[in-house]
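So you can see what is in the structure, the chains are spelled out below.
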Amino acid sequence: MFSAEEYRLKIESELEKCFAAASELPQKGLAEAMRYSLLAGGKRIRPMLVLEFCRIAGGDVDKAMGAALGIEMLHTYSLIHDDLPCMDNDELRRGKPTNHVVYGECTATLAGDALQAEAFGSVLRSALPAENRANCAEILADAVGLDGMCGGQYLDMLWEGRELTEQELTEINSRKTGALLVAACQMGVAAAGGSRLMMDAAGHFGAALGMAFQIKDDMLDVTSTDEELGKPVGSDAQEKKNTYAVLMGLEGCRKTVEKLTDLAKTVLREAFEDTEFLCSLADALANRKK
């Protein structure tokens, strides 16, 4: 079993190689913008989930690396586009100027577009068996498209400016945040060629983890500092955004995160024997300060 730090270093080492050879190409400026955001740090939770679920489902972690890198590229594309002036118009991400601040809006848009395409390329060029690669790519596509992350972002924009119910807020966040975490877990199982029981449990774990993750994010926007979070805090309140912190209050959020984390760990144990790492990860995310 790998530790979280071992996984992170393994992932960082492989990400460092991505698009490095493009420095000799005429379009090297685009590659530089892609790498700027891809290598800007972060928890690397999604690729970590791919690799660990592959391991506990009986697969080869090294062969699944291409799928793991792919989901991190996809996640990075979403962050670049989220920060654009036409979306959230943020100037700070992970403690650094956002991509469009450094490279301009047009290049940042293209960097996100290219990372989305390269994400699927990374999955489909991985060392996994052809059927497993195809299954991983299909899971990722479902998580990002109309009923996934992009659909959630659209609902977030569509319903902006009016008070939402908890159900409506969940409609947004289960797609915008949760879908990619579910995909990471299920891609790991698919990479290993795991059973239907494993796939279902991975999906339930990812959904509970994703909801807990978003609620904790909303709490941190109230309780953290710019330095701790690496981006401006209090922006949700300033922009009068609908958040779980507003709907539930901080104590209600804390209790819900605790319940969801317990649920995630319970469903995991129903299908897998070796759950120590993922249970510890769920606890760490629930108690994080940034």
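Check the entry above for the structure.
Remember, predicted model here, so these are calculated numbers, not experimental data. (Residues numbered from 1 in each chain as written. Predicted model: local features only at pLDDT ≥ 70, side-chain atom pairs only at ≥ 80, totals over all residues. Heavy atoms only, no water.)

Looking now at the packing of helix α10 (residues 196–223) against helix α14 (residues 276–286). With their axes 9 Å apart at the nearest point, α10 and α14 run at an angle of 20 degrees to one another. One element, α10, and the other, α14, form an angle in the roughly parallel class. In this structure, α10 crosses over α14, and the sense of that crossing is left-handed. Packed against α10, whose contacting residues are F205, L209, F213 and K216, the element α14 presents L278, A282, L285 and A286 at the interface. Looking at side-chain class alone, the contact of α10 with α14 contains seven nonpolar, no polar and one charged residues. (Axes fitted to C-alpha atoms, helices over the stretch in contact; angles between N-to-C directions. Helix = DSSP H or I, 4+ residues; strand = E, 2+ residues; numbered from the N terminus. Parallel < 35°, antiparallel > 145°, perpendicular 65-115°, else oblique. Left-handed = near helix turned anticlockwise from the far one by under 90°. Contact = heavy atoms within 4.5 Å. Nonpolar A, V, L, I, M, F, W, Y, C, P; charged D, E, K, R; others polar.)

Let's shift gears to the nonpolar core. If you look at soluble globular proteins, the nonpolar side chains tend to sit buried side by side. Counting 90 residues, the largest nonpolar core has L49, F53, F205 and F272 as the members making the most contacts within it. Counting residues per element, this core draws most heavily on helix α9 (residues 166–192), which supplies 13 residues. Once residues lying within four places of it in the same chain are set aside, the contact partners of F205 are L49, F53, C185, A264, V267, L268, L278 and A282. (Core = buried A, V, L, I, M, F, W, Y, C linked by side-chain atoms within 4.5 Å. Buried < 20%, exposed > 50% of the residue type's maximum accessible area, 1.4 Å probe, protein only.)

Glancing now at helix α3 (residues 45–56). Because an α-helix packs 3.6 residues into every turn, residues spaced three or four apart end up facing the same way. The first and last C-alpha atoms of α3 sit 16 Å apart over 12 residues, in line with the 16 Å expected at 1.5 Å per residue. Among the 12 residues of α3, 11 are classified as buried, and the element is accordingly described as predominantly covered. Looking at the packing, one finds that the buried side of α3 touches α1 (4–17), α4 (65–83), α9, α10, α13 (244–269) and α14. (Expected span 1.5 Å × (residues − 1).)

Aromatic ring pairs are described here by two measures, namely the spacing of the ring centres and the angle between the planes. Evaluated as defined, the whole model comprises five aromatic pairs. Taking 5.4 Å as the distance between ring centres and 75 degrees as the angle between the ring planes, the aromatic pair formed by Y7 and F277 counts as edge-to-face. Residue Y7 is found in helix α1, and its partner F277 is found in helix α14; the two are separated by 270 residues along the sequence. With a relative accessible area of 0%, Y7 lands in the buried category. Owing to a relative accessible area of 7%, F277 belongs among the buried residues under this scheme. Judged by centre distance (5.6 Å) and plane angle (75 degrees), the rings of F53 and F272 are edge-to-face. Here F53, found in helix α3, pairs with F272, found in the loop between α13 and α14; they are 219 residues apart in sequence, far enough to count as distant. These aromatic residues form a ring-pair network of at least three members: F2, Y7 and F277. The residue whose ring lies beneath R46 is F213, and the NZ or CZ to ring-centre distance is 6.0 Å. The positively charged end of R288 is found above the aromatic ring belonging to F213, 4.0 Å away from the centroid. (Phe/Tyr/Trp six-rings, centres within 6.5 Å; stacked < 30°, edge-to-face > 60°. Lys NZ or Arg CZ within 6 Å of the ring centre and 35° of its normal.)

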